[in-house]
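Summary of structural features
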Amino acid sequence: MAASIGVSPLPLTDDLGFCLETSEICAGQLQLSGQDKQELLEIIEQAAQGILKANGLLLELFCDREYSYHSELSYGDRWFSELTLQIIGGRGTALPVSHIDACKIDDALRQCSPPFDGMADLTGWLGLKNSLQTHDSPTINISVLPPVDLDFHASSLEKDVLNLKLYAHPNFDLDRLVVAIRIVPGVGVKSRKQVSSEINWKSARKGVREGQARIRLNKADSVLTMFVIGNITVRRQWFLDPTKSGNNRLVSVQLFDKELKMIRNALFESADSTRFEMGVAALFFLMGFASLVQLENDSPDVVVATPGGRLILIECTTRIADFSSKLGKLVDRKRMLSKALEDGKSPNRVDGILVCALPKDQIAIRIDELQNHQVILMARNDLTSALDQVRFHIDPDKFVEDSIAKMNSNGFLLRQSM
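What comes next is a walk through the structure. (Residues numbered from 1 in each chain as written. Predicted model: local features only at pLDDT ≥ 70, side-chain atom pairs only at ≥ 80, totals over all residues. Heavy atoms only, no water.)

Once that is clear, we can look at helix α10 (residues 380–389). Note on helix geometry: an α-helix contains 3.6 residues per turn, so any two residues three or four positions apart are oriented the same way. Looking at α10, one finds that the buried residues are Asp 382, Leu 383, Ala 386 and Leu 387. Relative to the axis of α10, the buried residues are bounded by an arc of 135° and lie together on one face. Taken together, the buried residues of α10 touch α6 (261–268), α7 (273–286), β21 (350–356) and β22 (375–378). (Buried < 20%, exposed > 50% of the residue type's maximum accessible area, 1.4 Å probe, protein only. Helix = DSSP H or I, 4+ residues; strand = E, 2+ residues; numbered from the N terminus. Arc of directions from axis to C-beta. Contact = heavy atoms within 4.5 Å.)

Within the largest apolar cluster, 48 residues are counted, with the highest numbers of intra-cluster contacts made by Leu 267, Ile 314 and Val 355. Take this core: its biggest share by element is 6 residues, from α7. In terms of nonpolar packing, the next biggest core, distinct from the first, is built from 23 residues, Ile 181, Ile 199, Ile 215 and Val 223 among them. (Core = buried A, V, L, I, M, F, W, Y, C linked by side-chain atoms within 4.5 Å.)

Compared with the 16 Å implied by 1.5 Å per residue over 12 residues, the 16 Å span of helix α1 (residues 37–48) between its first and last C-alpha is a close match. Within α1, the full set of buried residues consists of Gln 46, Ala 47 and Ala 48. Buried residues belonging to α1 abut β1 (2–7), β4 (51–54), β6 (68–70), β7 (83–88) and β8 (139–144). Structurally, the start of α1 carries an N-cap: the backbone nitrogen of Gln 38 is 3.1 Å from a side-chain oxygen of Asp 36. Backbone geometry just downstream of α1 places Gly 50 in the positive-phi region, at approximately 80°. (Expected span 1.5 Å × (residues − 1). Polar contact = N/O pair within 3.5 Å; in protein donor to acceptor, adjacent residues only side chain to side chain.)

Turning our attention to the packing of helix α2 (residues 99–110) against helix α3 (residues 118–126). The N-to-C vectors of α2 and α3 enclose an angle of 65°; their axes lie 7 Å apart at closest approach. Contact residues: α2 offers Ile 105, Asp 106, Leu 109 and Arg 110, while α3 offers Gly 118, Met 119 and Leu 122. Broken down by class, the residue content of the contact of α2 with α3 amounts to 4 nonpolar, 1 polar and 2 charged. (Axes fitted to C-alpha atoms, helices over the stretch in contact; angles between N-to-C directions. Nonpolar A, V, L, I, M, F, W, Y, C, P; charged D, E, K, R; others polar.)

Along the chain, the position of Arg 110 falls in helix α2. On the basis of relative accessibility, which here comes to 40%, the residue Arg 110 falls in the partly exposed class. Separated by 157 residues in the primary sequence, Arg 110 and Leu 267 place their C-alpha atoms 27 Å from one another. Residues in contact with Arg 110, not counting those within four places in the same chain, are Pro 115, Phe 116, Asp 117 and Gly 118. A polar atom in the side chain of Arg 110 sits 2.7 Å from the side chain of Asp 117.

What follows covers the pairing of strand β19 (residues 302–305). As judged from the 4 bridges shared by strand β18 (residues 290–293) and β19, these two strands associate in the antiparallel manner. Bridge pairing links Ser 291 to Val 304 in β19. Bridging between β19 and strand β20 (residues 311–317) involves 4 bridges; their strand directions are antiparallel. Along β20, the bridge assignment pairs Val 303 with Leu 313. (Pairing = 2+ DSSP bridges.)

Right, let's get into the side chain of Glu 277. Relative to the elements of secondary structure, Glu 277 occurs in helix α7. Although Glu 277 is buried, it forms no salt bridge, and the closest oppositely charged side chain is Lys 326 at an N-O distance of 4.8 Å. Setting aside its immediate chain neighbours within four residues, Glu 277 contacts Val 293, Asp 301, Val 302 and Cys 316. (Lys, Arg positive; Asp, Glu negative; His and termini not counted. Salt bridge = Lys/Arg side-chain N within 4 Å of Asp/Glu carboxyl O.)

It is worth spelling out the sheet that holds β22 at this point. The strand order across the open sheet formed by 5 strands is β18-β19-β20-β21-β22, and the pairing between neighbours is mixed. With one partner strand each, in any of the chains shown, β18 and β22 form the two edges of the open sheet. Going across the sheet, the axis of each strand differs from the next one's by a mean of 25°, ignoring polarity. Here α7 sits on the sheet in contact with β18, β19, β20, β21 and β22, set at roughly 145° to β20. In this fold helix α8 (residues 323–343) packs onto β20, β21 and β22, with an angle of close to 160° to the strand it touches most, β20.

Encoded structure:
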């Protein structure tokens, strides 16, 4: 029905592998370490033919016609470029499972070890699409990460010093790596330089080779780093000096939460829904909104206000399964608040934002419902983009207006249907 294969240069730290079987479903996660190149190529080549071998089983991608293929092209404006390939089963091959059978599958999964709260929970944990719910075509997604990359948590820009930490596969030819930087505002053409020679590489240890660089700069409010392997750009990354931010809110938060690690954890790593709501409230504060996390259970998760007097109700979800119920609650509460403001002779402009921790392509989005109720959707990629912009001044009213205009545009419809 769905599978994902990831190839990484880093050795595994925790074993997250498991396998479960019911009378209807076989699922799991298999982690392999120390595979040689030929073994990896064989796994990828078989997957490209719709075949997976795992735990003694031979699995074949569900399809009623020839497979089709899709791969992200390496456009020059991409910030990260891993190798990707998607193998797609025949269009319209909805799995023949009735509602009653789907309920039986959910019940069986709750009795497994490890237990899962039905197919939505299982596919969400594995990062796969639930074809029983979305009727998407069965797919296998392959992703091969570059053999050298940044260690974000250990890299920073502060007081005109750029600290970079990289990790590489022990067998990677370091002569193939080119690292260039652009300093902003910098001083003329001297703000652009190659810095590969300034990286000091250690000997391989525990399957990883580390490289570090401490680069002194001039007038560096921010720095763009560019990483090229051979002739292919694999990553571009901005580093911002938090002490030179034009956003006082960011300065005040980063004084106690350096590099916004706790907020990032709440938004992108924690599975706790309450913590996710707090992370959303903190993000909107950094964006210039006045934000409040509601203490009452029967209420919106977060309420924010703009300097222009707009009130925005926010519902947060970390799962696919409760997307529709969250949208319904948000629409009802918008109407209730608008009516209360109208009765009180107050301005009654109330907007709604539905925030989901999952990437947009994993959400069964009903575009017409969002547009009919004028509800803005912010998925994981939107949260990442917003967090990248908090260094600069954001006009909350304009942010809401632009988000609504984008949602109502034909281009938004086209992008979601592709």
